[in-house]
Amino acid sequence: MCGRYATTTDPGRLAAELDALDETESTAGAGTFTNYNVAPTTQILTVVERHEHGHKDDDPRLRLRRMRWGLIPLWTKAAEPGVPVKGKPLFNARADKAATTPSFRDAVKYRRCLIPMDGWYEWVVEPDPDAKGKAVKKPFFMAQADGSRLYMAGLWSVWRDKSLETSEPLLSCTILTTDAVGDLTRIHDRMPLPMPQEHWDAWLDPDHPAPAELLETPSEAAIAGIVARPVPSLVNSVKNNGPELLDQVSEDEEAGQISLL
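The model shown is predicted, which means the values in this text are computed figures rather than measured ones. Along each chain, numbering runs from 1 in the same order as the chain's sequence is written. Residues qualify for local features only when their pLDDT is at least 70, as the model is predicted, and side-chain atom pairs are given and counted only at 80 or more; totals for whole chains, interfaces and linings, by contrast, use all residues. Excluded from the side-chain calculations are hydrogens and water; all other atoms, namely the structure's heavy atoms, are used.

## Focus: the environment of Lys77
- Put simply, DSSP marks the helices as runs of H or I at least four residues long and the strands as runs of E at least two long, and each gets a number from the N terminus on. Looking at the element boundaries, Lys77 is found in the loop between β5 (61-69) and β6 (78-80).
- As a C-alpha pair, Lys77 and Leu176 span 99 residues in sequence and 24 Å in three-dimensional space.
- Setting aside residues up to four positions removed in sequence, Lys77 forms contacts with Pro84, Val85 and Trp159. When checking whether two residues touch, look at their non-hydrogen atoms; a contact exists if any pair is within 4.5 Å.

Rendered as structure tokens:
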């Protein structure tokens with residue numbers, strides 16, 4: 001699963017790289033996407049492909065949008081005018097079941113996105129040798145060995161309060177997960193689903209469902225560039241947020257970490 005990740009992506013720079021429209025500029029807090037400890041319900045950066053509103057015959061364009069991490073299904077009721085009922089954040093969706101799961105199946109057809117990130121965190125829980133009977137959570141950071149950006153497959157939704165004549169749209173998203181493969185299985189049995197650039201056109205196509213094979217577990221070769229490294233336990237708390245969370249732990253600390261070798 002993926003419940004925490006890091007991103008240093010600048011939307012303006014990314015828009016230029018992808019020849020995309022930066023629609024985050026019109027939202028509150030635009031430009032503040034650097035976050036070393038992204039947690040569910042945070043507003044995050046996503047990439048979608050959509051037609052211009054009211055111009056379905058025009059070619060769709062890549063667009064950067066700000067969305068709440070934790071998908072809100074279309075049919076969610078309102079707790080109060082314009083505010084959806086609170087529930088467990090749907091921040092992950094199983095890629096192998098999303099097409100048949102009520103909360104996600106509509107999005108699988110026509111609202112798919114990419115979620116850029118530097119990498120994601122997972123924890124290994126093992127007995128603490130210094131505390132009898134207790135366990136310790138040891139965090140690892142999974143990222144490209146060359147430091148390049150990852151793009152994970154996601155789904156998104158637009159929620160409106162149907163009881164109101166006019167309601168501001170609330171955009172939300174979820175990250176698709178799949179079975180972990182290769183050395184990553186030693187950290188966790190699940191991982192976010194990477195989406196290689198050669199599949200972006202098919203994945204983001206707003207007019208057609210994505211080929212089923214894009215939801216399949218990737219091969220070991222496809223994720224060969226992703227490595228896991230132990231990082232400081234500071235990341236265990238969402239209150240901590242800074243580049244130090246990505247530091248390689250010291251040799252003394254690393255001795256207590258689980259090795260991937």
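## Quick notes on the state of the cysteines
- When the sulfur atoms of two cysteines come within 2.5 Å, that pair is taken as a disulfide. Counted according to the given criterion, the structure contains 0 disulfides.
- Cys113 takes part in no disulfide bond, and the closest cysteine sulfur, belonging to Cys173, lies 5.3 Å away.
- Think of it in three bands: with a 1.4 Å probe and only protein chains considered, a residue is buried below 20% of the maximum accessible area for its type, exposed above 50%, and partly exposed in between. For Cys173, a relative accessible area of 0% puts it in the buried group.

## A look at the pairing of strand β15 (residues 226-230)
- The alternating pattern of β15 places Ile226, Ala228 and Pro230 on a buried face and Val227 and Arg229 on a face that is not buried.
- Taken together, the 5 bridges between strand β11 (residues 135-144) and β15 define a ladder with antiparallel strand orientation. Residue pairing for β15: Phe141 is matched across the bridge by Arg229. Here, strands pair whenever DSSP counts at least two bridges between them.

## Structural notes on the pattern of salt bridges
- The term salt bridge refers to a pairing of a side-chain nitrogen on Lys or Arg with a carboxyl oxygen on Asp or Glu at a separation within 4 Å. Counted under the stated rule, the structure contains 8 salt bridges.
- Between Arg61 and Asp19 there is a salt bridge, with its nearest N and O atoms 4.0 Å apart. Here Asp19 lies in the loop between α1 (11-18) and β2 (21-22) and Arg61 lies in strand β5, a separation of 42 residues in the sequence.
- On the accessibility criterion, Arg61 (32% relative accessible area) is partly exposed.
- Overall, Asp19 belongs to the exposed group, its relative accessible area being 57%.
- With a shortest N-O distance of 2.7 Å, Arg63 and Glu23 are connected by a salt bridge. Here Arg63 is found in strand β5, whereas its partner Glu23 is found in the loop between β2 and β3 (35-38), with 40 residues between them in sequence.
- Each of Glu23, Glu52, Arg63 and Arg65 takes part in one network of salt bridges that share partners.

## Looking at unusual backbone geometry
- Of note, Asp19 is a non-glycine position whose phi angle comes to about 55 degrees, a positive value.
- Of note, Thr41 is a non-glycine position whose phi angle comes to about 80 degrees, a positive value.
- You can see Thr41 is positioned in the loop between β3 and β4 (43-50).
- A relative accessible area of 44% means that Thr41 is categorised as partly exposed.

## A word on α1
- Restricting attention to buried positions, one finds in α1 the residues Pro11, Leu14, Ala15 and Leu18. With its buried residues spanning 105 degrees around the axis, α1 presents them on a single face. In α1, the exposed positions angled more than 90 degrees off the buried face are occupied by Arg13 and Ala16.
- For this analysis, a polar contact is any N or O atom pair within 3.5 Å, provided that within protein one partner can donate a hydrogen and the other can accept it, and provided that sequence-adjacent residues contribute only side-chain to side-chain pairs. If you check the start of α1, you find a side-chain oxygen 3.2 Å away from the backbone N of Gly12, and it comes from Asp10. In this description, one arc is meant: the one made by directions from the helix axis to the C-beta atoms.

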